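Overview (structure and organization)
Each chain, letter by letter, is given below.
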Amino acid sequence: MPTVFEHAFHTPVFKGKVSFSTGLFINGQFVDGSHRTTIDVINPTNGKVVAAVSEGTPKDVDLAVEAAEKAFETTWGLNCPGTERGKLLGKLASLIEEHADELAALEALDNGKAFNMARNVDVTAAAECIRYYAGWADKITGQVIETSEEKLTYTRHEPIGVVGQIIPWNFPLLMFVWKIAPALATGNTIVIKPSEFTPLTALRMCHLVQEAGFPPGVLNVITGYGNTVGSAITSHMKIHKVAFTGSTLVGRKVMESAAKSNLKTVTLELGGKSPNIIYDDADLEQAVNWAAFGIYFNHGQCCCAGSRIFVQEGIYDKFLKLFTARTQGVKIGDPFAAETFQGPQVSEIQYKRIMGYIESGKKDGATVHIGGGRHGSEGYFIQPTIFLDTKPDMKIVQEEIFGPVSVLIKFKDEEDVVRQANDTVYGLAAAVFTKDVNRAISTAHKLKAGTLWINCYNQLHSNVPFGGFKQSGIGRELGEYALNNYTEVKAVHVNLGHKM
């Protein structure tokens, strides 16, 4: 029998007990992995083990795919009307809201994000996303296409079947929902792998899926490592579509594996090195506040983080002074403290990776204006960091750091900043701050990125698409656009009178 995670929270922001199975979720049941081994889950606040979850294997992926196939052919897919799929998704959204505090506490425990941020951002957005796609479930339509009066021609948007999904650790619950909601709404069945660093909310969601009444096998969750479970999903011959969110490096491997197996359809939401452009005429106070939110939100562990801050030369000194003060005011500490904004990085691996980039910046000649070191004596906390005096070819300017580290770069005019901003292999997001709407739109249209924010940052909505240009990904999450990721278009020709 799989282990049960039990934990009592006695914190300033949440008090309560949780208890749920940490086995693999296959065919509506929690089971041990085939090897009966487990993976330790670490609390990044102190580096201590808080739970153990079952370790999945390629054999377990096979079992999950078998269950998903059976469900697709019998109780889901085209055998379950869209109205019924929508009702079940609506129930799931309500259950997320009912258990919001518990889910936020689990996010804070294994991810390290501040409880209040998890509660008010991640969990709230997760419920909204599920409910949004619940509304789409009975609106998946095709077209009737005029060809001739002797023929009826129409298209159907049919579910693909069994889809594989692999999600990262930075927004465990939200990424889980972003993936499953459009796939379920369109009638697909799922085999999904959460990150081994942050599996707790995904497993808790399985209990809510059961409670909502989804048929067994519709959603299967396999906890495990990328090189075993992840690889088995991307190469599986009976999985016909894979969706991945994570690094560009791993995204390449996912795409390669999908191509070498059965040429499955791939959508990728990958890395970024997003530019945040501050013009001379910007509302300085607002630009500083949004810039801080753009880079320090979620401890800098955002694919769209505004890590390259371009400031026009006329206000550079003023901006630096205010941004420095704003950075010094970031509240770092226990995720369960009410005033905390920035908790620890997710793992020791990530902590060391970020510190390696900071050392690289120093070695290459950049100036650490503020931060650059460890915060506290335990856990994986890093001081919010500002680099100055950088050069375009430095690693800290070109590569995704995925931590609370920004570079401030001075620019002269629009032509100069557009050239510098687009000098990257990434193209996920960008922002422009100015009171001149013409300049804002002009600059936004010249930046090669999938999302552009004007006078704001990190604003995402369930009904608005999100995804990247260049090496930041393929396809779009969210909105109506995401539905296209999970359907096949079939053209049907009906002969009404054409004779041979």
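Okay, so let's go over this structure. Predicted model only: the values in this text are computed from it and were never measured.

Thoughts on the nonpolar core
Core analysis: the biggest nonpolar cluster contains 114 residues, and Phe214, Phe319 and Phe323 have the highest contact counts within it. Contact partners of phenylalanine 323, with chain neighbours within four places excluded, come to Val288, Ala291, Ala292, Ile295, Tyr296, Ile309, Ile386, Ser406 and Leu408. Core analysis: the second largest hydrophobic core is formed by 27 residues, Tyr351, Ala366, Ile396 and Val405 among them.

Examining the sheet that holds strand E14 (residues 308-312)
Across the sheet, 7 strands lie side by side as E15-E16-E17-E14-E13-E19-E20; this open sheet has mixed pairing. Because the sheet does not close on itself, it has two edges, and the strands there are strand E15 (367-370) and strand E20 (451-454). Across the sheet, the mean angle separating the axes of adjacent strands is 25° when strand polarity is ignored. For E14 and strand E17 (residues 405-411), the ladder comprises 5 bridges, and the chain directions are parallel. The residue of E17 that forms the bridge with valine 311 is lysine 410.

Quick word on the pairing of strand E13 (residues 275-278)
Residues Pro275 and Ile277 line one face of E13 and the alternating positions Asn276 and Ile278 line the opposite face, and both faces are buried. Note that E13 and E14 share 4 bridges and pair parallel. Within E14, the residue paired with asparagine 276 across the bridge is isoleucine 309. Crossover handedness for the path E13 to helix H9 (residues 284-296) to E14: right-handed.

Here's the deal with a nonpolar patch on the surface
A surface patch of nonpolar side chains, about 300 Å² in accessible area, is lined by Val144, Leu152 and Leu496. Judged by its relative accessible area of 56%, leucine 496 falls in the exposed class.

Some words on the pattern of salt bridges
Taken as a whole and judged by the stated rule, the model has 17 salt bridges. We note a salt bridge from lysine 352 to glutamate 348, for which the minimum N-O separation is 3.3 Å. You can see lysine 352 and its partner glutamate 348 sitting in helix H11 (residues 348-363), 4 residues apart, about one turn around the helix. By relative accessible area, which is 52% here, lysine 352 ends up exposed. Each of Arg156, Glu158 and Lys490 takes part in one network of salt bridges that share partners.

A closer look at a negative patch on the surface
Residues Asp280, Glu313, Asp413 and Glu415 make up a contiguous surface patch of negative charge. Within the fold, aspartate 280 resides in the loop between E13 and H9. Taking the relative accessible area as the measure of exposure, aspartate 280 reaches 33% and is therefore partly exposed.

A closer look at the side chain of threonine 324
Along the polypeptide, threonine 324 turns up in helix H10 (residues 316-328). The contacts of threonine 324, once residues within four sequence positions are left out, are His369, Ile370 and Ile386.

Focus: helix H4 (residues 115-136)
If you check H4, its first and last C-alpha atoms are 31 Å apart, about what 22 residues at 1.5 Å a residue would give, namely 32 Å. Within the span of H4, buried status applies to Phe115, Met117, Ala118, Asp122, Val123, Ala126, Ala127, Cys129, Ile130, Tyr133, Ala134 and Trp136. On its buried face, H4 is in contact with helix H2 (82-98), helix H3 (100-110), helix H5 (172-185) and H9.

Structural notes on unusual backbone geometry
In the Ramachandran plot, arginine 36 falls in the positive-phi region, its phi being about 55° despite a non-glycine side chain. In this structure, histidine 299 is a non-glycine residue whose phi angle is positive, near 65°. Turning to its location among the elements, histidine 299 is positioned in the loop between H9 and E14.

Topic: the state of the cysteines
All chains considered together, the criterion is met by 0 disulfides. Free cysteine: cysteine 302, not disulfide-bonded; nearest cysteine sulfur from cysteine 304 at 5.3 Å. For cysteine 302, a relative accessible area of 4% corresponds to the buried category.

Procedures and definitions
- Residues numbered from 1 in each chain as written.
- Predicted model: local features only at pLDDT ≥ 70, side-chain atom pairs only at ≥ 80, totals over all residues.
- Heavy atoms only, no water.
- Core = buried A, V, L, I, M, F, W, Y, C linked by side-chain atoms within 4.5 Å.
- Buried < 20%, exposed > 50% of the residue type's maximum accessible area, 1.4 Å probe, protein only.
- Contact = heavy atoms within 4.5 Å.
- Pairing = 2+ DSSP bridges.
- Helix = DSSP H or I, 4+ residues; strand = E, 2+ residues; numbered from the N terminus.
- Axes fitted to C-alpha atoms, helices over the stretch in contact; angles between N-to-C directions.
- Right-handed = clockwise from strand over helix to strand, strands pointing away.
- Patch = residues over 30% accessible without salt bridge, like charges linked within 9 Å, V, L, I, M, F, W, Y side chains within 5 Å.
- Areas by Shrake-Rupley, 256 points an atom, 1.4 Å probe, with all protein chains shown as cover.
- Salt bridge = Lys/Arg side-chain N within 4 Å of Asp/Glu carboxyl O.
- Lys, Arg positive; Asp, Glu negative; His and termini not counted.
- Charge placed at Lys NZ, Arg CZ, Asp CG, Glu CD.
- Expected span 1.5 Å × (residues − 1).
- Disulfide = S-S within 2.5 Å.

These figures come from the coordinates and say nothing about function on their own.
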